[in-house]
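# Per-entry structural report
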Amino acid sequence: MTRDEAKVILQSCLAHDAMPGDERMEEALAMVQQDEELAAWFENEMSFDQIVRDKIAEVAPPPGLKERILAAAPATGNTPIPFPAQERSWWQNPKFISLAACIILVFTFGSLLFDPQSLEADPDIPDFYQDVAHTSKQLPALESNSDDLDELRAYLSSRGAPSPGPLPEKVDPLEEVGATAFIWQGSPVALVCMHDGSDYQLFVIDLAVFGDDDVPPTHAELHQVEDVALMAWASEGHLYVLTVVGSVDSLQSLM
């Protein structure tokens, strides 16, 4: 038996199989004890198989899936036809077939199994409102201090954050203080602090972050999140949220 033949046979062996009871399998396992390269390969295979099983075990089916499948199946009233037991070759072993199915599943849905973030749905706009409201009460340190919006735009672009476009007529006169950038749900967010008797925070994020699930505001709209008022609007592919600690009445004059 060559090393390559042994590898093909060993790929049908599960990690907990001490003695599968097949002569060719026993021969392949004996080679593992004598061939260091084959032993290293086999150990790696067993580790990979364990990772696959662990990851598949983490993927829970939706509640009630079994019941929905059974309910959708046509009631034929037929009884299964028993087939006589027959000797199987090692490659027909159900364990080998199950392992092969697992490997196919891994390569087909690998990004789902090994990248937990990919299992998550697109972020929601209401979630963004909640988080920027909380951020408004404990602002991060400003990385760029300037009262020139163009300078702040250049800084934000250098950080890979969205650069604010033209602002609404009544928001534009607010005096800029500085800006910073941070990451929310894996996406960059621009934050521009403004002042006009009250402290305002302007958050800007790419609308593509939210996928197609949410409908962006077609015009400026007000929201209240606890003790923070929000004014939100969408423009040129970006979502803008202007916040201030207080009631929505404090933003009415900027609408």
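Scope of this entry: the structure provided in the associated data block. Chains are numbered independently. Their residues run from 1 in the order of the written sequence. Only residues with pLDDT of at least 70 get local features here, since the model is predicted, and only at 80 or more are side-chain atom pairs given and counted; chain-wide, interface and lining totals rely on the full set of residues. With hydrogens and water stripped out, all remaining heavy atoms of the structure feed into the side-chain values.

So, on to the overall build of the protein chain. Secondary structure elements follow DSSP: runs of H or I no shorter than four residues count as helices, runs of E no shorter than two count as strands, and numbering proceeds from the N terminus. Check the secondary structure of the protein chain and you find eight helices and seven strands. Counting across all 255 residues of the protein chain, residues that qualify as buried make up 34%. When contacts within the protein chain are restricted to residue pairs at least 6 apart in sequence, long-range pairs at least 24 apart make up 59% of them. For the protein chain, the exposed surface amounts to about 15600 Å²; the carbon and sulfur share of it is 53%. Only protein chains enter the accessibility calculation, which uses a 1.4 Å probe; a residue whose area is less than 20% of its type maximum is buried, one above 50% is exposed, and one in between is partly exposed. The criterion used for residue contact is that any of the two residues' heavy atoms lie within 4.5 Å. The accessible surface values rely on the Shrake-Rupley method and a 1.4 Å probe; as for residues, cover is taken only from the protein chains in view.

Let us now look at the environment of A6. For A6, the location among the structural elements is in helix 1 (residues 3–10). On a C-alpha basis, the gap between A6 and L29 in space is 8.1 Å, while along the polypeptide they are 23 residues apart. Every residue in contact with A6, bar those within four places of it in the chain, is listed here: M1, A28, M31 and L38.

Bringing the pattern of salt bridges into the picture now. For salt bridges, the criterion is a side-chain nitrogen of Lys or Arg within 4 Å of an Asp or Glu carboxyl oxygen. Going through the model one piece at a time under the given rule, you end up with six salt bridges. Where E226 meets K137, a salt bridge forms, and the shortest distance between an N and an O atom there is 3.4 Å. On the criterion of sequence distance, the pair formed by E226 in the loop between strand 5 (221–225) and strand 6 (228–235) and K137 in helix 7 (residues 125–137) is long-range, its members being 89 residues apart. On the basis of relative accessible area, K137 is assigned to the partly exposed category, the value being 41%. Where salt bridges share partners, they join R3, D35 and E37 into one cluster.

This part is about the nonpolar core. As used here, the term nonpolar core means buried Ala, Val, Leu, Ile, Met, Phe, Trp, Tyr and Cys residues forming a set that is joined through side-chain atoms within 4.5 Å. Counting 24 residues, the largest nonpolar core has L202 and L242 as its most contacted members. Counting residues per element, the ones that place at least two in this core are helix 8 (149–158), strand 2 (175–184), strand 3 (187–195), strand 4 (199–206), strand 6 and strand 7 (238–245). Of the residues forming this core, the biggest block, four residues, is contributed by helix 8. The next biggest cluster of nonpolar side chains, apart from the first, holds 19 residues, and it includes A133, W184, V189 and V228.

Two strands form a pair only when DSSP identifies at least two bridges running between them. Strand order in the open sheet made by the seven strands is 1-2-3-4-7-6-5, with antiparallel pairing throughout. Strand pairing shows two members of the sheet lacking a second neighbour, strand 1 (144–145) and strand 5, which therefore form its edges. Examined bridge by bridge, strand 1 and strand 2 share two bridges and lie antiparallel to one another. Within strand 2, the position partnered with S144 by the bridge is A179. Sitting on the sheet, helix 7 touches strand 2, strand 3, strand 4, strand 5, strand 6 and strand 7, and the angle it makes with strand 7 is about 40 degrees. Each of strand 1, strand 2 and strand 3 is contacted by helix 8, which is oriented at about 15 degrees to strand 2, the strand it contacts most. Here, axes are lines fitted to C-alpha atoms. For helices the fit covers the stretch in contact, and angles between N-to-C directions go from 0 to 180 degrees.

Side-chain rings of Phe, Tyr and Trp, where Trp is taken by its six-membered ring, are said to pair if the distance between their centres is within 6.5 Å; with planes under 30 degrees apart they count as stacked, over 60 as edge-to-face, and otherwise as tilted. Across all of its chains, the model carries five aromatic pairs by this definition. Here F128 and F210 contribute two aromatic rings whose centre-to-centre distance is 6.0 Å and whose plane-to-plane angle is 65 degrees, an arrangement assigned as edge-to-face. You can see F128 sitting in helix 7 and its partner F210 sitting in the loop between strand 4 and strand 5, a full 82 residues away along the chain. As far as the burial class goes, F128 and F210 line up, both buried.

Fair warning: the whole summary comes from geometry, so function is off the table for now.
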